[in-house]
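Residue strings, one per chain:
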Amino acid sequence: MNDRPLAAPAPEESAGHDTAAAETPKIRLRGLCKRFGKNVVLDALDLDIPRGRSVVVIGGSGTGKSVMLKCILGLLRPEHGSITIDGEEVVGLRGRERDRILRKFGMLFQSAALFDSLPVWENVAFGLIAGHKMKRGEAKDVAIAKLAMVGLGPEVGMLSPAELSGGMRKRVGLARAIATEPECIFFDEPTTGLDPIMADVINDLIIDCVRELGATTLSITHDMASARKIADEIGMLYQGRIIWLGPVDRIDHSGNPYVDQFINGRAEGPIHMEVLKR
Amino acid sequence: MKFLALIGRVTLQFLAAAGRLAIFAGKSLAHVVSPPIYFRHIGAQMISIGYFSLPVVGLTALFTGAVLALQIYVGSSRFSAESTVATVVVIAITRELGPVLAGLMVAGRVSAAMAAEIGTMRVTEQIDALTTLATNPHKYLIAPRLLAATVMLPLLVLVADTIGVLGGYMVGTGKLGFSTGSYLKNTVNYIEFLDVFSGVVKAAAFGFIIALMGCYHGYHSRGGAQGVGSATRNAVVSASILILVTNYFVTEMFFST
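Fair warning: this is a prediction, and the values are worked out from it, not measured in the lab.

Novice: Whenever I open this one, the overall build of chain A confuses me. Can you help?
Specialist: The helix and strand inventory of chain A stands at nine helices and ten strands. Counting only residues that meet the buried cut, chain A has 43% of its 278 residues in that class. In chain A, the proportion of contacts linking residues at least 24 apart, taken out of those at least 6 apart, comes to 65%.

Written out as structure tokens, the structure reads:
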């Protein structure tokens, strides 16, 4: 049913070492399980994110998309399964080892998650100052340049996050995510809560920034317009597993009734929403 | 049988909570002494906890000292021991009322603010954002607050002691008819180093408790505004109770016969 296998061949299965390195996905999830009490959120999830590609995971609310991202980032610990980044197992890493892996990542949070106590420029420069030990003056210059990349002037850098609109907050969040020029960028519902025009602006910025950095990206969304625009490949998460994965131009011909129902936004279909009707 | 099960369940829950708190405290303390140390944050917290608490602690101490002088005068006059007013005021202030009242006032002001700030950061994913930026939240948020509160509370208490004694002096000389010389003489002659030192040790313990409770409840808050509200309330209540309990044990440590 999938247009590409969820699991690429393991490196050791390949004939030559160079081929193996080339085929090792940037991020590989195998048999990932996460539950909260009796609620199984991720159920033996398998997914490969190829190097330099933009993969978007779609799925309904509460299907575990954010949990998957948080497991990869180490914010949540899976009960079972493996997460490898550049072939290195990261489940259970702590302290400096974990920080070393996290320096490869940037993340745009759904709510932008800007630090209220810091001005905008310091939010953007945070990873440079705290993680990369850059001097504050130098980091401020980089932050102003990154703000310019997302269409915000230097005067915005002096504002407090509380003074920004929703769209500006997202743009500052994007500037923070790309400030350290990470190898991987995660986008958690990048267009949620924005008007359609601002959502398209954010989509364009994501495409431009990612193209410039050459980063591998993993986005989660239920905004199909956004998914179609920013994805190279789309996967659908349902009941804790990726049930379909393929190129973005195949999504309308997936042959998967779950995907069809979701992308067309139909109430009738194999996915039943639990709605109490009187 | 059900009653025994209930006791067992409550006991297990209490032990689990105590264990979580101990692990949280241990992890945070380890970050206090290991680099990188965020001096800028420690300085900001010292100003926030120490300097900005001065008005509330000062006023509390001033009126407590004044009331104490009045009450002791009334009580001691029943057996013609009015001359003990200055001595009892200074001992009561330095040993007990200075540290305990300053601790409780700062618990209300600082512990609540820490729980609210860190709790809001938790529910708005700012703490997750810190982690993704390769910054340990314990090191960046918790350790500076613990260190700043533990250092600043003793200094606040020394100020409270001074202002409290001053409050007693003002009432003693202005209203109760003591001469300046005899009041100061009775204050200075009978105070011992241990009286002040025990209060300072208590204050350091209270400062640690205040910051720990504020940070712990804020860090573990869940569920939006209501969760942050609960965290704030729990921080103030638990810090206040722990201050009173700790006060007894530190007092016993210094003064048990």
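So much for the structure itself; the text now carries on.
Novice: Would you take a moment to explain the overall build of chain B for this structure?
Specialist: The helix and strand tally for chain B stands at nine helices and zero strands. Starting at the N terminus and ending at the C terminus, chain B contains elements arranged as α-α-α-α-α-α-α-α-α. Projected onto the principal axes, the alpha-carbon positions of chain B cover approximately 65 × 55 × 35 Å. Of all 257 residues assigned to chain B, the portion counted as buried reaches 45%. Residue pairs in contact within chain B that sit at least 24 positions apart in sequence constitute 88% of those at least 6 positions apart.

Novice: Can you help me understand the nonpolar core in this one?
Specialist: As a rule of thumb, nonpolar side chains are buried together in soluble globular proteins. Residues and elements named next belong to chain B. If you look at the biggest cluster of nonpolar residues, it comprises 140 residues, and the most contacted ones within it are Val89, Ala149 and Ile210. Top contributing element to this core by residue count: helix H4 (residues 85-123), with 17 residues. Those residues in contact with Ile210 that lie beyond four places of it in its chain are Gly103, Val106, Ala107, Val110, Ser111, Ala149 and Ala239.

Novice: What exactly am I supposed to notice about helix H7 (residues 180-190) of chain B here?
Specialist: Each turn of an α-helix holds 3.6 residues, which means side chains three or four residues apart point in the same direction. Residue and element names in this part refer to chain B. All of the buried residues along H7 are Tyr183, Asn186 and Thr187. The arc enclosing the buried residues of H7, seen along the axis, measures out at 100°, which places them on a common side. Those residues of H7 that are exposed and angled more than 90 degrees off the buried face are Gly181, Val188 and Asn189. Buried residues along H7 sit in contact with H4 and helix H6 (137-174).

Novice: Looking at this structure, how should I read the interface of chain B and chain A?
Specialist: One frequently used descriptor of interface size is the decrease in accessible area upon assembly of the parts. Chain B puts ten residues into the contact, and the matching count from chain A is 15 residues. Residue composition of the side of chain B that touches chain A, by class: three nonpolar, five polar and two charged.

Novice: Just to check I follow, could you spell out the sheet that holds strand E5 (residues 88-89) of chain A for this structure?
Specialist: To summarise the sheet geometry, strands pair through backbone hydrogen bonds and adopt either a parallel or an antiparallel arrangement. All names here are of chain A. An order of E2-E1-E4-E5 is seen for the four strands of this open sheet, with the pairing classed as antiparallel. Every interior strand has two partners, whereas the edge strands, strand E2 (39-49) and E5, have only one. When strand E4 (residues 80-85) meets E5, the two strands line up antiparallel, connected through two bridges. Across the sheet, the residue bridging to Ile85 is Glu88, located in E5.

Novice: What is the right way to look at the sheet that holds strand E6 (residues 105-108) of chain A in this model?
Specialist: All names here are of chain A. Strand order in this open sheet of six strands is E6-E7-E8-E3-E9-E10, and the pairing throughout is mixed. One side of each edge strand has no neighbouring strand; the edge strands of this open sheet are E6 and strand E10 (241-247). Averaged over all neighbouring strand pairs, the angle between strand axes comes to 15°, with direction disregarded. Strand direction decides the pairing type here: strand E9 (residues 233-238) and E10, joined by six bridges, are antiparallel. Counterpart to Ile234 in the pairing with E10 is Gly246. Lying on the sheet, helix H6 (residues 166-179) is in contact with E6 and strand E7 (184-188); it crosses E6 at an angle near 175°.

Novice: Any chance you could explain the packing of helix H4 (residues 120-131) of chain A against helix H5 (residues 136-149) of chain A here in plain terms?
Specialist: Two quantities define a packed helix pair, namely the angle between the axes and the distance from one axis to the other. Residue and element names in this part refer to chain A. Across the interface, H4 lies against H5 with an axial gap of 8 Å and an inter-helix angle of 120°. When the interaxial angle is binned, H4 and H5 end up oblique. Crossing hand, H4 versus H5: right-handed. Together, Trp121, Val124, Ala125, Leu128 and Ile129 of H4 and Arg136, Ala139, Lys140, Val142, Ala143, Ile144, Lys146 and Leu147 of H5 make up the contact between the two elements.

Novice: In this structure, what is going on with the confidence of the model for chain B? I would like to understand it.
Specialist: Residues and elements named next belong to chain B. Across chain B, the average pLDDT comes to 91, with 100% of residues at or above 70. Confidence scores differ between elements of chain B, with H7 showing the lowest mean pLDDT of 88 and helix H8 (residues 193-219) the highest of 94. Among the prediction metrics, the complex's ipTM stands at 0.81, with pTM recorded as 0.83.

Novice: I tried to follow H6 of chain B on my own but got confused; where do I start?
Specialist: Residues and elements named next belong to chain B. With 38 residues, H6 ought to run about 56 Å at 1.5 Å a step, and its terminal C-alpha atoms sit 52 Å apart, in line with that. Its maximal kink placed at Ala143, H6 deviates by approximately 30°, while the proline Pro144 follows within four residues. For H6, a buried count of 27 out of 38 residues is recorded, marking the element as mostly surrounded by other parts of the structure.

Novice: What should I look at first to understand the confidence of the model for chain A in this one?
Specialist: Interpreting fine coordinate detail is not advised for predicted regions of low pLDDT. Mean pLDDT for chain A: 84, with 90% of residues reaching 70 or above. This stretch, residues 8-21 of chain A, has a pLDDT under 50; its non-local contacts, to residues over four places away or in other chains, come to twelve contacts.

Novice: Where do I start with unusual backbone geometry in this structure?
Specialist: Trans is the common state for peptide bonds, and a negative phi is the common state for residues other than glycine. Following Pro35 of chain B, the chain continues into Pro36 of chain B via a peptide bond in cis, with omega recorded as 0°. Considering the arrangement of structural elements, one finds Pro36 of chain B in the loop between helix H1 (2-33) and helix H2 (39-49). In this structure, Ala112 of chain A takes a positive phi of about 75° despite not being glycine. Counting through the fold element by element, Ala112 of chain A comes out in the loop between E6 and H4.

Novice: Just to check I follow, could you spell out the environment of Ile142 of chain B for this structure?
Specialist: Secondary-structure assignment places Ile142 of chain B in helix H6. With 95 residues separating them along the chain, Ile142 of chain B and Ile47 of chain B place their C-alpha atoms 16 Å apart.

Novice: How should the environment of Gly108 of chain B be read in this particular structure?
Specialist: All names here are of chain B. Mapped onto the elements of the fold, Gly108 is located in helix H4. Exposure remark for Gly108: the 16 C-beta atoms within 10 Å place this residue in the partly exposed category. Expressed as a C-alpha distance, the spacing of Gly108 and Met152, which sit 44 residues apart in the sequence, is 16 Å.

Novice: Explanation requested: the pairing of strand E8 (residues 216-221) of chain A in the structure shown.
Specialist: Successive residues of a regular strand alternate their side chains across the two faces of the sheet. Residue and element names in this part refer to chain A. Across the six residues of E8, six count as buried, placing the element largely inside the fold. Neither face of E8 is open: one carries Thr216, Leu218 and Ile220, the other Thr217, Ser219 and Thr221, and all of them are buried. Bridge count between strand E3 (residues 54-58) and E8: five bridges; the pairing is parallel. Bridge pairing in E8 places Val55 opposite Leu218.

Novice: Please explain the packing of H4 of chain B against H8 of chain B as it appears in this structure.
Specialist: All names here are of chain B. For the pair H4 and H8, the least separation of the axes is 7 Å and the interaxial angle reads 15°. Taken together, the axis directions place H4 and H8 in an arrangement best described as roughly parallel. Pair H4 / H8 crosses with right-handed handedness. Taken together, the residues that form the contact of H4 with H8 break down as 18 nonpolar, ten polar and five charged.

So, how was this worked out
Along each chain, numbering runs from 1 in the same order as the chain's sequence is written. A letter from A marks each chain and a number from 1 marks each ligand, given out in the order of writing. Per-residue local features are limited, in this predicted model, to residues with pLDDT of at least 70; the limit for side-chain atom pairs, both in listing and counting, is 80 or more; totals at the level of whole chains, interfaces and linings are taken over all residues. Secondary structure follows DSSP: runs of H or I at least 4 residues long count as helices, runs of E at least 2 residues long count as strands, and numbering of each begins at the N terminus. Our exposure labels follow a C-beta count within 10 Å of each residue's own C-beta, placed from the backbone: buried means 20 or more other C-beta atoms, exposed means 12 or fewer, and partly exposed covers the counts in between. With C-beta atoms placed from the backbone, a contact is any residue pair whose C-beta atoms sit within 7 Å. Think of a nonpolar core as buried Ala, Val, Leu, Ile, Met, Phe, Trp, Tyr and Cys residues chained together by C-beta atoms that fall within 7 Å. Note: the arc covers the axis-to-C-beta directions of the helix. Just so you know the grouping, Ala, Val, Leu, Ile, Met, Phe, Trp, Tyr, Cys and Pro go in nonpolar, Asp, Glu, Lys and Arg go in charged, and all remaining residues, Gly too, go in polar. Between any two strands, pairing holds if DSSP finds at least two bridges. Between N-to-C directions, angles cover 0 to 180 degrees, with each direction set by a line fitted to C-alpha atoms, over the stretch in contact for helices. By the definition adopted for this analysis, an angle is roughly parallel if under 35 degrees, roughly antiparallel if over 145, roughly perpendicular if from 65 to 115, and oblique otherwise. The sense of a crossing depends on the near helix, which, turned anticlockwise from the far helix by less than a right angle, makes the crossing left-handed and, turned clockwise, makes it right-handed. On a scale of 0 to 100, pLDDT captures the predictor's confidence in every residue. Here, expected helix span is obtained from the residue count minus one, scaled by 1.5 Å. One fitted axis covers the seven residues ending at a residue, a second covers the seven starting there, and the bend at that residue is the angle between these axes.

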